[in-house]
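These are the residues of each chain, in order.
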Amino acid sequence: MNCRDRKERLVEQKLIQLRSSDTMQRIGKKMSDSVSNPPKFHFVLVHGSCHGGWCWFKIRCLMETSGYKVTCVDLKSAGIDPSDPNTLFTFAEYNKPLIEFLFNLPEDEKVILVGHSAGGLSLTDALHKFGSKKIQMAIYVAANMLKYGFNTDEDVKEAVPDLSEFADVNEQTFGLGPDKPPTSMIVKKEFQRKILYNMSPMEDSTLASMLLKPAPAMALGDAKFEEQGSDADKVRRVYIKTLNDRVIKQEQQDAMIRSWLPSEIFDIESDHSPFFSAPSILFGSIIKAAITLVE
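Residues numbered from 1 in each chain as written. Predicted model: local features only at pLDDT ≥ 70, side-chain atom pairs only at ≥ 80, totals over all residues. Heavy atoms only, no water.

Observations concerning the overall build of the protein
Check the secondary structure of the protein and you find 13 helices and nine strands. For the protein, the proportion of its 295 residues judged to be buried stands at 54%. In the protein, of all internal contacts separated by at least 6 residues, the share reaching a separation of at least 24 is 76%. When the accessible surface of the protein is summed, it comes to about 13700 Å², and 54% of that surface belongs to carbon and sulfur atoms. (Helix = DSSP H or I, 4+ residues; strand = E, 2+ residues; numbered from the N terminus. Buried < 20%, exposed > 50% of the residue type's maximum accessible area, 1.4 Å probe, protein only. Contact = heavy atoms within 4.5 Å. Areas by Shrake-Rupley, 256 points an atom, 1.4 Å probe, with all protein chains shown as cover.)

Below, the structure is given as structure tokens:
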């Protein structure tokens with residue numbers, strides 16, 4: 001590493017420290033004070049593959065400090081859910097915790113869904129099932145935003161990460177036998193920081209490496225949705241782009257946006273995991289989007 005590279009790295013580390021320190025609390029207070037009577041939003045945060053509700057800890061802290069209600073769900077086999085990912089074969093099984101949570105909401109309560117990465121599939125499934133009856137807004141963060149899921153080859157091209165440039169990065173389990181498709185997969189530890197957390201603080205990527213769990217590959221591949229009589233298109237959707245993403249690359253994010261145009265788009269200079277690398281900016285973008293509901 002030459003002198004210039006070291007200097008750039010030191011600057012990057014300093015920026016990361018600023019983002020993850022007291023700055024987060026100051027931003028949170030500023031956003032909550034930006035309206036005279038802060039609306040009582042209820043945010044439901046949905047993780048992506050291999051992660052769990054734990055990955056939102058910085059965003060949850062900012063939201064709760066600012067007076068908002070927050071729920072972080074663990075989908076089947078994720079987080080503290082004990083299910084074996086190699087026994088999950090349908091997306092309905094995998095997404096059941098979110099769907100049951102929404103089903104059991106009080107009649108007069110609506111939520112704002114925020115989904116990261118493959119969590120976008122969970123949001124879309126919920127939109128088709130509940131529409132505006134339960135959902136005020138759906139916010140996709142570096143996420144799969146496919147109106148009907150993986151129904152065509154084009155859907156797969158637009159949304160499935162292509163990590164081939166990094167060589168053989170996935171550790172796969174073939175629970176149904178070696179001649180069958182993999183039942184679960186996870187990015188190998190030696191590639192996790194390089195691919196998922198390349199701009200994130202080292203302590204966050206270290207924590208993540210201890211908590212990541214294999215994702216149910218067959219269940220995620222089964223994510224296909226149909227119109228169910230809901231008014232899914234009436235729910236406002238927002239897309240938050242991550243400009244230095246090595247998982248869902250810019251051209252993929254742009255393709256999904258063109259295919260199913262959201263009402264608003266935000267850009268964040270972050271890696272695939274802005275809840276670690278740019279939490280205050282991500283928080284600010286989410287709140288700015290939500291406030292439009294009451295303007």
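Remarks on the sheet that holds strand β3 (residues 111-116)
Strand order across the open sheet formed by six strands is β2-β1-β3-β4-β8-β9, with parallel pairing between neighbours. Looking along the sheet, the strands with just one partner apiece sit at the ends: β2 (69-73) and β9 (264-268). Neighbour to neighbour, the strand axes of the sheet diverge by 20° on average, direction disregarded. When strand β4 (residues 135-141) meets strand β8 (residues 236-242), the two strands line up parallel, connected through five bridges. Within β8, the position partnered with Ile 139 by the bridge is Val 238. Contacting β1 (42-46), β2 and β3, helix α5 (residues 96-103) crosses the sheet at an angle of about 165° to β1. Helix-sheet contacts for helix α11 (residues 250-259) involve β8 and β9, and the interaxial angle to β8 is about 165°. (Pairing = 2+ DSSP bridges. Axes fitted to C-alpha atoms, helices over the stretch in contact; angles between N-to-C directions.)

Some words on a nonpolar patch on the surface
A surface patch of nonpolar side chains, amounting to about 360 Å² of accessible area, comprises Phe 57, Leu 207, Met 210 and Leu 211. A relative accessible area of 37% places Phe 57 in the partly exposed class. (Patch = residues over 30% accessible without salt bridge, like charges linked within 9 Å, V, L, I, M, F, W, Y side chains within 5 Å. Salt bridge = Lys/Arg side-chain N within 4 Å of Asp/Glu carboxyl O.)

Limitation: the analysis is restricted to geometry and does not speak to function.
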